[in-house]
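Geometric and topological summary
The primary structure of each chain is shown beneath.
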Amino acid sequence: MTSADRLREDFLSFFERKGHKRLPGSSLVPKNDPTLLLTGAGMVQFKPYFLGLSTPTVNRVTTCQPCLRTPDIERVGKTARHCTFFEMLGNFSFGDYFKAEAIEWAWEFVTGHLRLDPERLWVSVYLDDDEAAGLWQEKAGVPPERIVRLGKEDNFWEIGVGPCGPCSEIYVDRGRGYGCGSPDCGPACNCDRFMEIWNLVFIQFHKDEAGEYHLLEKKSIDTGMGLERLAVIMQGVNNVFETDLLRPVMTRVEELSGRRYGVAEEDDVALRVVTEHARGVTFMAKDGILPGNEGRGYVMRRLIRRALRYGRRLGLEESFLPEVADRVIERMGAAYPDLVEKRTSILATLRQEEDRFQATLEQGMAILAELTGRPGAQKERRISGEDAFRLYDTYGFPLELTREIAAEQGFTVDEDGFRAALDAQRERARAARGEGAYLDRSAAIYARLAERLGAEGTAPTAFSGYDRTEDQGVVAALLQGGEEVTEASAGAEVEVVLTRTPFYAESGGQVADEGILVGPAGRVEVAEARRPAEGLVVHRGLLVEGRLRLGDEVRAAVDAGRRLATARNHTATHLVHRALRLVLGEHATQAGSLVAPDRLRFDFAHYSPVPAEQLRAVERIVNAKVREDLPVTVEVTTREEAEARGAVALFGEKYGKDVRVVEIGDFSRELCGGTHVRRTGELGFFKIVSEGGVAAGVRRIEAVTGEAAEEHLLRQADLVAAAADRLKVTPDLLVERLEKLVQERHELGREVETLRARLVGDAVEELLQEARELDGLRVVVGTLSGLDPEGLRQAGDRLRQKLGEGVVILGSAHEGRALLLAMTTPGARARGVHAGDLVKAAAAAVGGGGGGRPEMAQAGGKSPERLPEALAAAEEVLRKQVHHS
């Protein structure tokens, strides 16, 4: 049996021998691409090359790309081939070879290297692609009867405006035993007989905004072969879950659940879902994605909760996902070493989300109780589809669980309404994906500018800002309202491209420079500088006086004070990064940053709040390096050389062949394109102003340097002085005085509680004296003002203990709300009394909702003035329950 690891290596080595450069796969988080949530194909990291926004350093590349897609999530576990996470093997040509070589090499690999029987192989081509069909016959000898022509939906690749083209796929016929039995069964069939293993995309057109297709001068190749599917064929197993990529992970799920694969189909589906989703979320966590309610965080949360739901079907009630993820790391760690390096943070992220789901389940249960307590729902005994969907979408509450709990209370669920709401959400998601055009209009303009203005081997805009804050440049392009113009007048918002500029364009967390452009007849106040295409700097601002013309020579002047403040904070982030790893451990890697003139924000991987003493240790380390006045030096070298010297490459950043290394003495060494001070002493002083959590497993520090740090300390000193003056003590005795006040407050609070308990006791005795008889049951109905929910429950417990067989119905006005409680004894419940029904009736009268068990129920409402009516309504229901028993 050929292992998947061997297949991965064989593919990459094969194309290396064909002159391709092997590159690592990119993160599941697409870099600088707002149109994509997740990396779903090998070509994603090369989009700038296909779009003409960047120039590749080599024209032939091969990769193995981790990918994640969710359109087929409901099919995962039910078919032999569907996965959300998969590895895509690919070979790419950027304006180099085209169809003939792509087809010839693909056939050579599958038949010559993998030794697949040519008689089992079928290919598909686009309906009108006679060239590809001819090449399959000429180069590979595929007979016409095994070449299938498919339409645009299946065999033409495009995503909105931009490069596109026909594609051709290779299928393996697995035999009639895997088929549907239809006489028309073939590659276009959805059964498991014909498994697609390789898709070759021939990028030969550009689709414009009008939907017209134009032949590209430089044609490209983008191919993708699914490693999991290839392993199915080469290892002779039934589905991807039985390959050596996923079977070891499934074995761990079997060990934890006690269920065995192949015994019951229901268990098999659950085992496959848990296995597959665990692998996907493990890789998502590795790439810094955190569960959330939006974007890729929501995708991750959905996968985790789906895995947990199916885990419950296997009887896995305790935490299990980190255990399964650990097996994923064990299996995949050799191919992806960063899985092993980030093991602790990965498992902590998944453990926290699993714990959170338990809490969410409890929240969902409370919402469900409130829904069933509404008067309208009580009448129809039905939960609306919208409410069921809200439980599903907001609280992760499975429809099956909602249906089961509702049935226990005599309710049904509007499942058609639920599905309609779900379909509407999916349609919105599809529409949102469609809105992210492959290349929008403005991007097309910038790409054309970059191509036109960039001479061979040079950037469209020469950046001089590392050494100066003022320079001369010529207006190479002028845009107004998104259109190129030759002249603009005062009052116009413009975008200006210069041949040379000192303006730093926002990048790597550092904000853009601000400043002015002064020409022969006009002046522009620059609000920001952007880099929308490689090497192209666009200055956006307001033409405040005169006019500006194409070809004008202008003086470009950056706000030097703002730039220096920003540089201080950028150098500080490097110091903080190193200090955090020294204090907390090497896992405390950067997860994001903001470098602005007034502050810095630094996000880092860590699983709990950072104690004050550790924050103080970080501050001491950074300020020690500030006092040492270490030199900050910059060197441009190759990435390989930089990393060999220990330079830190930040996660998610995209680096070119040559990189810029920023060294701070012998303390810090990072790849960085930002601006920095020349020596650490220029920071003056560093102070952390806050620390908090921003997501599961990610903490955030905000800090200040220089004058901002001085101002912060002065404000803090003023606050201390004002507080000390108010308390009539010196600042050094302030904490002692505050501790004394807190202790006095605590003692007063205990006295208040003692008095309250005494008053409640007296009130309880009065209510007992007023208890009435109802068909042999003692009934207490009354109000106890000022009690919170816990106080009301304690009073109810005391009454029930002293009552004998009977019923307690209480109300309280607390902080502008009405609170209600009902309690029953066993004898009352035997007579048909249900506390939950009593409270529901009362809650309706005060404009609220709630419910509970037969023995005890609580509710609330917004109209405390209607408590007498509420208690009367509960009494009326009680009389009916007793008389009907």
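Residues numbered from 1 in each chain as written. Predicted model: local features only at pLDDT ≥ 70, side-chain atom pairs only at ≥ 80, totals over all residues. Heavy atoms only, no water.

1. Focus on the overall build of the protein
Within the protein, the regular secondary structure consists of 26 helices and 34 strands. Structurally, the protein occupies a C-alpha span of about 100 × 85 × 50 Å along its principal axes. Here the protein holds 885 residues, and the buried ones make up 50% of them. A separation threshold of at least 6 residues defines the contact pool for the protein, and within that pool the share at least 24 residues apart is 67%. With the model as given, the accessible surface of the protein reaches about 40,500 Å², and the carbon-plus-sulfur share is 48%. Here the protein contributes 117 positively and 139 negatively charged side chains, and the mean placements of these two sets differ by 2 Å. (Helix = DSSP H or I, 4+ residues; strand = E, 2+ residues; numbered from the N terminus. Buried < 20%, exposed > 50% of the residue type's maximum accessible area, 1.4 Å probe, protein only. Contact = heavy atoms within 4.5 Å. Areas by Shrake-Rupley, 256 points an atom, 1.4 Å probe, with all protein chains shown as cover. Lys, Arg positive; Asp, Glu negative; His and termini not counted. Charge placed at Lys NZ, Arg CZ, Asp CG, Glu CD.)

2. Considering the sheet that holds strand β26 (residues 668-671)
With antiparallel pairing, 3 strands are arranged side by side in an open sheet as β24-β25-β26. What marks the edges here is a single partner per strand, and that holds for β24 (632-638) and β26. Neighbour-to-neighbour, the strand axes of this sheet turn through a mean angle of 25°, independent of strand direction. Pairing geometry for β24 and strand β25 (residues 658-664), over 7 bridges, is antiparallel. In the sheet register, T638 faces β25, and the bridge partner there is D658. (Pairing = 2+ DSSP bridges. Axes fitted to C-alpha atoms, helices over the stretch in contact; angles between N-to-C directions.)

3. Examining the environment of D666
By the secondary structure assignment, D666 is in the loop between β25 and β26. Residue D666 is classed as exposed on the basis of its relative accessible area, which comes to 75%. Once the C-alpha coordinates of D666 and P631 are considered, the two residues, 35 residues apart in sequence, prove to be 9.3 Å apart.

4. Let's talk about the side chain of R568
Within the fold, R568 resides in helix α18 (residues 560-584). For R568, which is buried and forms no salt bridge, the nearest opposite charge comes from E707, at a distance of 5.6 Å. Those residues in contact with R568 that sit more than four places away from it in its chain are V677, E682, L683, T705 and G706. (Salt bridge = Lys/Arg side-chain N within 4 Å of Asp/Glu carboxyl O.)

5. Observations regarding the sheet that holds strand β23 (residues 600-605)
Spatial strand order, β22-β23-β28-β27: 4 strands in an open sheet with antiparallel pairing. Unpaired on one side and paired on the other, β22 (590-595) and β27 (686-695) mark the two borders of the sheet. Across the sheet, the axes of successive neighbouring strands diverge by a mean angle of 15°, strand direction being ignored. Pairing geometry for β22 and β23, over 5 bridges, is antiparallel. If you follow V595 over to β23, its bridge partner there is L600. Running over the sheet, α18 touches β22, β23, β27 and β28 (698-705) and is turned about 25° from β23. Relative to β27, helix α19 (residues 612-627) is tilted by about 135°, and along the sheet it contacts β27 and β28.

6. Description of the nonpolar core
Proteins that are soluble and globular tend to have nonpolar side chains buried together. Ranked by size, the top nonpolar core spans 92 residues in total, and within it V110, L116, W136, I197, W198, M225 and M284 carry the most contacts. Here this core gets 10 residues from one element, more than from any other, and that element is helix α8 (residues 265-286). Counting 28 residues, the second largest nonpolar core, distinct from the first, contains F602, V632, I688 and A703. (Core = buried A, V, L, I, M, F, W, Y, C linked by side-chain atoms within 4.5 Å.)

7. Focus: the packing of aromatic side chains
Per the counting criterion, the structure on display carries 26 aromatic pairs. By the ring-pair criterion, three or more aromatic residues cluster together here, those being F11, F14, F15, F109 and W198. Between R660 and the ring centre of Y466, over which it is positioned, the NZ or CZ distance is 3.5 Å. (Phe/Tyr/Trp six-rings, centres within 6.5 Å; stacked < 30°, edge-to-face > 60°. Lys NZ or Arg CZ within 6 Å of the ring centre and 35° of its normal.)

8. Thoughts on α18
Here α18 spans 36 Å end to end across 25 residues, near enough to the 36 Å set by a 1.5 Å rise per residue. The buried fraction of α18 is high, at 19 of 25 residues. Measuring from the backbone nitrogen of G561 back to the side-chain oxygen at the start of α18 gives 3.3 Å, which picks out D559 as the cap. Looking one or two residues past α18, G585 carries a phi angle of roughly 125°, positive in sign. (Expected span 1.5 Å × (residues − 1). Polar contact = N/O pair within 3.5 Å; in protein donor to acceptor, adjacent residues only side chain to side chain.)

9. Some thoughts on the confidence of the model for the protein
For the protein, per-residue confidence averages 88 on the pLDDT scale, and residues scoring 70 or more make up 93% of the total. Segment residues 432-440 is flagged for pLDDT under 50; beyond a separation of four residues in sequence, or across chains, it makes 19 contacts in the model. (pLDDT = per-residue confidence, 0-100.)

10. Comments concerning the pairing of strand β4 (residues 121-126)
By the criterion of burial, β4 is predominantly enclosed, with 6 of the 6 residues buried. Of the strand pairs in this sheet, β4 and strand β7 (residues 162-173) are connected by 4 bridges, and their pairing is antiparallel. Opposite V123, over in β7, you have I170 as the bridge partner. Sheet topology places β4 next to strand β5 (residues 147-150); 4 bridges connect them, and they run parallel. The residue bridging Y126 from the neighbouring strand is L150, located in β5. Where the polypeptide runs from β4 across helix α4 (residues 130-140) and back to β5, its parallel neighbour, the crossover connection is right-handed. (Right-handed = clockwise from strand over helix to strand, strands pointing away.)

11. Topic: the pairing of strand β30 (residues 777-783)
Across the 7 residues of β30, 5 count as buried, placing the element largely inside the fold. Strand direction decides the pairing type here: strand β29 (residues 772-774) and β30, joined by 3 bridges, are antiparallel. Counted as the bridge partner of R772 is V779 from β30. Once β29 ends, the chain turns through 2 residues before running back antiparallel as β30, passing D775 with a positive phi of about 50°. Of the strand pairs in this sheet, β30 and strand β31 (residues 806-814) are connected by 6 bridges, and their pairing is parallel. Along β31, the bridge assignment pairs G782 with L810. In terms of handedness, the path from β30 via helix α23 (residues 789-803) over to β31 forms a crossover that is right-handed.

12. A closer look at unusual backbone geometry
Phi is positive for R115, close to 60°, though the residue is something other than glycine. Given the relative accessible area of 69%, R115 is considered exposed.

13. With respect to the side chain of E254
Mapped onto the elements, E254 comes out in helix α7 (residues 247-257). Here Y261 takes part through its backbone nitrogen, which lies 2.7 Å from a polar atom of the side chain of E254. Residues in contact with E254, not counting those within four places in the same chain, are R247, R259, R260, Y261 and L271.

14. Observations concerning the pattern of salt bridges
As enumerated under the stated definition, the model contains 64 salt bridges in all. Residue E323 is joined to R252 by a salt bridge in which the shortest nitrogen-to-oxygen separation is 2.9 Å. Of the two residues, E323 sits in helix α10 (residues 321-332) while R252 sits in helix α7, which places them 71 residues apart along the sequence. Classification of E323 by relative accessible area gives partly exposed; the value is 38%. E545 serves as the salt-bridge partner of R523, at 3.8 Å between the closest nitrogen and oxygen. Remark: E545 occurs in strand β20 (residues 536-549) and R523 occurs in strand β19 (residues 522-533); sequence separation between them is 22 residues.

15. Topic: the packing of α18 against α19
Relative orientation and spacing of two packed helices are given, respectively, by the angle between their axes and the distance between those axes. At a minimum axis distance of 9 Å, the contact between α18 and α19 shows a crossing angle of 135°. Here α19 runs oblique to α18, going by the angle between their axes. Two packed elements cross with a definite hand, and for α18 against α19 that hand is right-handed. Touching L575, V576, A579, L580, L582, V583 and L584 of α18 are Q614, A617, V618, I621, V622, K625 and V626, all from α19. (Parallel < 35°, antiparallel > 145°, perpendicular 65-115°, else oblique. Left-handed = near helix turned anticlockwise from the far one by under 90°.)

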